[in-house]
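Breakdown of the fold
Spelled out from the first residue to the last, the chains are:
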Amino acid sequence: MKSVIFSRLSVAAAMAFALSSCTTTQAEFRKDPTRVTKSALCRTFITNTDLAFTQELTGELARRRIDPIECVNMVQQENQAAAAVVAVALVGTAIAVCANNDCGGGYYPTYPGNCQYEWQRDAAGNRCGKRSAYSKPGGW
């Protein structure tokens, strides 16, 4: 069970890390700008703080006819998709943990002692029925 939780969280973390690290270095970019993917180019353009490198990136965006606004939208969509994957993985993990640790609770509440009504269930999960206080003579 713990290995399932660990593996799901690892996958979610890996996806988040992979998307956040999809940028390129100046050396890689200058070596061959055409080999840099559109996603990496846009992420680098958005996160870069070096003015000279920003000018180089802008030139490559113009050469590829990519609008900088398109870069912003694409990066936002990728981030949202990554967040959705992480959320699904976390919800799946929470469901798996609850399924194995009985943390959901049933439709009927259980009572450790005497039951008040017939429809209730005792601590063992058995329906109280005629054992309930309300079912006995003088029920209240």
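Structure's up top.
All values reported here derive from a predicted model rather than from experimental measurement.

Although it is not a glycine, Arg 65 sits at a positive phi angle of roughly 60°. Mapping Arg 65 onto the fold places it in the loop between helix H4 (51-63) and helix H5 (68-101).

For the structure shown, the criterion picks out one disulfide. Between Cys 42 and Cys 71 runs a disulfide, and the two sulfur atoms are separated by 2.1 Å. Taking the torsion about the S-S bond as the criterion, the Cys 42 to Cys 71 disulfide, at about -55°, is left-handed. One end of the pair, Cys 42, is in helix H3 (residues 38-47); the other, Cys 71, is in helix H5, with 29 residues separating them in the sequence. Assessed through its relative accessible area of 0%, Cys 42 is described here as buried.

The rules behind these values
- Counting from 1, residues in each chain are numbered in the order their sequence is written.
- Per-residue local features of the predicted model are confined to residues with pLDDT of at least 70, and side-chain atom pairs are confined, for both listing and counting, to 80 or more; whole-chain, interface and lining totals are unaffected and use all residues.
- Remark: hydrogens and water are excluded; side-chain values derive from all non-hydrogen atoms of the structure.
- Counting from the N terminus, the helices are DSSP H or I runs at least four residues long and the strands are E runs at least two residues long.
- By disulfide we mean two sulfur atoms from cysteines, separated by a distance within 2.5 Å.
- Under the scheme applied here, a residue whose accessible area is under 20% of the maximum for its type counts as buried, over 50% as exposed, and between as partly exposed, the area being computed with a 1.4 Å probe on protein chains only.

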